[in-house]
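Overview (structure and organization)
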Amino acid sequence: QVQLVESGGGLVQTGGSLRLSCAASGFTFSGTAMGWFRQGPGKEREFVAVIMWNLSTYYADSVKGRFTISRDNAKSTVYLQMNSLKPEDTAVYYCAGHGSGSIYNIHSYTYWGQGTQVTVSS
């Protein structure tokens, strides 16, 4: 049974930091690119970051230099370190396992977590 269990969301002030975690099971984690997406209020879900099986990373321009994605294959866990948070980062954040297709496209991902709320106060 595939599961992606997220944790680490919460409420922070502008300029603060949060570290999101997503523990995966039920698929071959080490061979799967893992991404983070987010959906802000009144917006569609958008790409945030992805880490490949070889540890290459790619980021949306809006978070580049502030967010860092990482993975621990021994723990089947992917992380998103978020620094210098802004109100526009407020969203539900989802982790996802890639299937096939563009790593930037939400529809290319097969496995999804339940989402965790991140709120940045202004």
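Quick notes on the rules
Residues numbered from 1 in each chain as written. Predicted model: local features only at pLDDT ≥ 70, side-chain atom pairs only at ≥ 80, totals over all residues. Heavy atoms only, no water. Disulfide = S-S within 2.5 Å. Helix = DSSP H or I, 4+ residues; strand = E, 2+ residues; numbered from the N terminus. Buried < 20%, exposed > 50% of the residue type's maximum accessible area, 1.4 Å probe, protein only. Pairing = 2+ DSSP bridges. Axes fitted to C-alpha atoms, helices over the stretch in contact; angles between N-to-C directions. Salt bridge = Lys/Arg side-chain N within 4 Å of Asp/Glu carboxyl O. Contact = heavy atoms within 4.5 Å.

1. Focus: the state of the cysteines
Summed over the entire model, instances satisfying the criterion amount to 1 disulfide. There is a disulfide in this structure between Cys22 and Cys95, and the S-S distance comes to 1.9 Å. Classification of the bridge connecting Cys22 and Cys95 rests on its S-S torsion, roughly 45°, and on that basis the disulfide is right-handed. On the criterion of sequence distance, the pair formed by Cys22 in strand β3 (residues 18–25) and Cys95 in strand β9 (residues 91–98) is long-range, its members being 73 residues apart. Pair check on accessibility: Cys22 and Cys95 agree, each one buried.

2. What about unusual backbone geometry?
The phi angle at Ser76 is positive, at roughly 50°, despite the residue not being glycine. A positive phi is found at Ser84, a non-glycine position, where the angle reads about 50°. Among the structural elements, Ser84 can be located in the loop between β8 (77–82) and β9.

3. A few points about the sheet that holds strand β7 (residues 67–72)
Strand pairing within a sheet occurs via backbone hydrogen bonds; the two strands may be parallel or antiparallel. Spatially, 4 strands are ordered β1-β3-β8-β7 in an open sheet, and the strand pairing comes out antiparallel. Edge positions in the sheet fall to β1 (3–7) and β7, since each has one partner strand and no second. Neighbouring strand axes in the sheet, compared pairwise and without regard to direction, differ in orientation by 15° on average. Bridge count between β7 and β8: 6 bridges; the pairing is antiparallel. The partner of Arg71 across the bridge, within β8, is Val78.

4. Details of the pattern of salt bridges
Taken as a whole and assessed by the stated rule, the structure comprises 4 salt bridges. Among the ionic pairs, Arg38 bridges to Glu46, the shortest N-O distance being 2.8 Å. In this structure, Arg38 and Asp89 form a salt bridge, with 2.9 Å as the shortest nitrogen-oxygen distance. You can see Arg38 sitting in strand β4 (residues 34–39) and its partner Asp89 sitting in the loop between β8 and β9, a full 51 residues away along the chain. This pair shows no difference in class: Arg38 is buried, exactly as Asp89 is. Overlapping salt bridges bring together Arg38, Glu46, Arg66 and Asp89 as one network.

5. Some thoughts on the environment of Gly10
Within the secondary structure layout, Gly10 lies in strand β2 (residues 10–13). Exposure remark for Gly10: the relative accessible area of 24% places this residue in the partly exposed category. A sequence separation of 80 residues divides Gly10 from Thr90, and the C-alpha atoms of the two residues are 9.9 Å apart. With near-sequence residues (within four places) excluded, Gly10 lies in contact with Leu18, Gln117, Val118 and Thr119.

Without other data, these values stay purely geometric and don't point to any function.
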